[in-house]
Amino acid sequence: MNIMQKNKMKPKRIFEPKEVLIKKGAVVRQMTLSSSVQFLMFIFFLFFLFWTAQTSCLYFFGNDLVRQRDYQIAELSLQNEVLVRELATYRSRAKGAEALAQSIQETHKDILNKVDELVSDELKNTKDSFSRVSKSLKQSGLSFDKLFQKVYQSQGVGGPFIPDEGNEMMDSVLTEQIGNIYQKLSKLETFSYLKEQLPLGEPLDNIRVTAAFGRRQDPFTGKLAQHEGIDLGAPEGTPVYVTSAGRVKRAFTNGAYGKFVEVEHEMGIMTRYAHLSKILVKKGDMLQIGDSVGLVGNTGRSTGDHLHYEILINKTPVNPYRFIQTKREKNNV
Ligand SMILES: [Zn+2]
């Protein structure tokens, strides 16, 4: 087997040892480049190639990168400056808003104080205007305050004040004051309802009392007796008016009362009209204040033409004249 055949048998390597001939003048020298030397030279060449590429890139594009970075820094600084200015503006606005809120709250307080004062005055005046009615009830052992409370509670307006949404922002003192004002307004509403429902109207166009409410000498027996209404003198045929809205409960000739009408109102109140010469309504009729129920007469246990007028609260007779006075004196009920 010759060398050629040997070489053919071996697998070929990348860096085969190579024979190099170096001619120096007439001398020719032979050198062998081993595989490892060749490999080192190849690696060195790769490093050189990579370094050349990097240096070229920095030379051609480096300035652009620096410029881009500087530009970004400048842009960020500008944005920062804008943000700092905006922050300062918002802080100053916040301070302004706080001062405004304070001033609004002060104004709110002033307004509430004025409203509270007005509502309190109105409530006192309204309450005073019911003093006659209150006396009438007291005379008969009834309490106006109890009647008032009953109506006030039944109207469902006496509950605690529940602030609206958003009121959490408000001062608790203001919230409480608003609650008090609402409560006073609710009471005024109740008084207004009482004005509507109590028999404060006048049963005749001209009021002339001929016999008062309470103990008196009976015109027939001469003995002391309880007069449960008032007698109002008027000529026969004078129209008699219902003194508050209601429903006719009874309308007939009723012994001592003669021709008689009884009207049922709200809150357990009844009014009675007796000794009529003529009845103009029938049982079940719905009446509005001022509707005519009949005409003045002298029927039943009566000594002359007059109207016997009664007001009953929960079946207890009260003095009707005080109700008429309430309407007359105050002129605002
Ligand atoms: Zn009478």
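The rules behind each value
- Residues numbered from 1 in each chain as written.
- Predicted model: local features only at pLDDT ≥ 70, side-chain atom pairs only at ≥ 80, totals over all residues.
- Helix = DSSP H or I, 4+ residues; strand = E, 2+ residues; numbered from the N terminus.
- Buried ≥ 20, exposed ≤ 12 C-beta atoms within 10 Å, placed from the backbone.
- Contact = placed C-beta atoms within 7 Å.
- Domains from an automatic or database assignment.
- Pairing = 2+ DSSP bridges.
- Axes fitted to C-alpha atoms, helices over the stretch in contact; angles between N-to-C directions.
- Parallel < 35°, antiparallel > 145°, perpendicular 65-115°, else oblique.
- Nonpolar A, V, L, I, M, F, W, Y, C, P; charged D, E, K, R; others polar.

Visitor: Residues and numbers for the overall build of the protein, please.
Guide: For the protein, the count of helices and strands is 6 helices and 14 strands. Seen along its three principal axes, the alpha-carbon backbone of the protein occupies a region of about 185 × 55 × 30 Å. For the protein, buried positions account for 20% of its 333 residues. Within the protein, counting contacts between residues at least 6 apart in sequence, those at least 24 apart form 64% of the total.

Visitor: Report on the domain arrangement of the protein, specifying residues and quantitative values.
Guide: Reports often express the size of an interface as the amount of accessible area lost when the parts come together. With domains assigned, the protein is organised as domain 1 (15–101), domain 2 (108–197) and domain 3 (209–330). If you average the C-alpha positions of domain 2 and of domain 3, the two centres end up 33 Å apart. Contact residues are listed per partner, giving 14 residues for domain 2 and 14 residues for domain 3. Going through the elements one at a time, α3 (131–139) and α4 (144–154) are the ones with two or more residues in the side of domain 2 that touches domain 3. Residue contributions to the side of domain 2 that touches domain 3 peak at 6 residues, all from α3.

Visitor: Quick one: what's the story with the pairing of strand β13 (residues 306–313), residue by residue and with numbers?
Guide: Of all the 8 residues making up β13, 8 are buried; the element is thus mostly covered by neighbouring parts of the structure. Alternating positions in β13 separate into two faces, His 306, His 308, Glu 310 and Leu 312 on one and Leu 307, Tyr 309, Ile 311 and Ile 313 on the other, with burial throughout. The pairing of strand β6 (residues 230–233) with β13 spans 4 bridges and is antiparallel. Paired with Asp 231 across the bridge in β13 is His 308. In the sheet, strand β10 (residues 269–279) pairs with β13 via 6 bridges, with the strands oriented antiparallel. Counterpart to Ala 274 in the pairing with β13 is His 308. Pairing analysis gives 3 bridges linking β13 to strand β14 (residues 316–318), with the strands arranged antiparallel. Following the sheet pairing, Ile 313 is matched in β14 by Thr 316. Hairpin connection from β13 to β14: 2 residues lie between these consecutive antiparallel strands, with Asn 314 at a positive phi of about 50°.

Visitor: Just give me the short version of the packing of α4 against helix α5 (residues 172–197), but keep the residues and values in it.
Guide: In the contact formed by α4 and α5, the axes pass within 10 Å of each other and the chain directions differ by 110°. Judged by the inter-axis angle, α4 sits roughly perpendicular to α5. Contacts between α4 and α5 pair Phe 148, Val 151 and Tyr 152 from the former with Lys 187, Thr 190, Tyr 193 and Leu 194 from the latter. The residue inventory of the contact of α4 with α5, partitioned by class, reads 5 nonpolar, 1 polar and 1 charged.

Visitor: I'd like a description of the pairing of strand β2 (residues 27–33), backed by residues and values.
Guide: Counted residue by residue, β2 has 0 buried out of 7 residues, so it is predominantly exposed. Pairing geometry for strand β1 (residues 18–24) and β2, over 7 bridges, is antiparallel. Directly across from Glu 19, in β2, lies its bridge partner Thr 32. The loop that links β1 with its antiparallel partner β2 comprises 2 residues; one of these, Gly 25, has a positive phi angle of about 65°.

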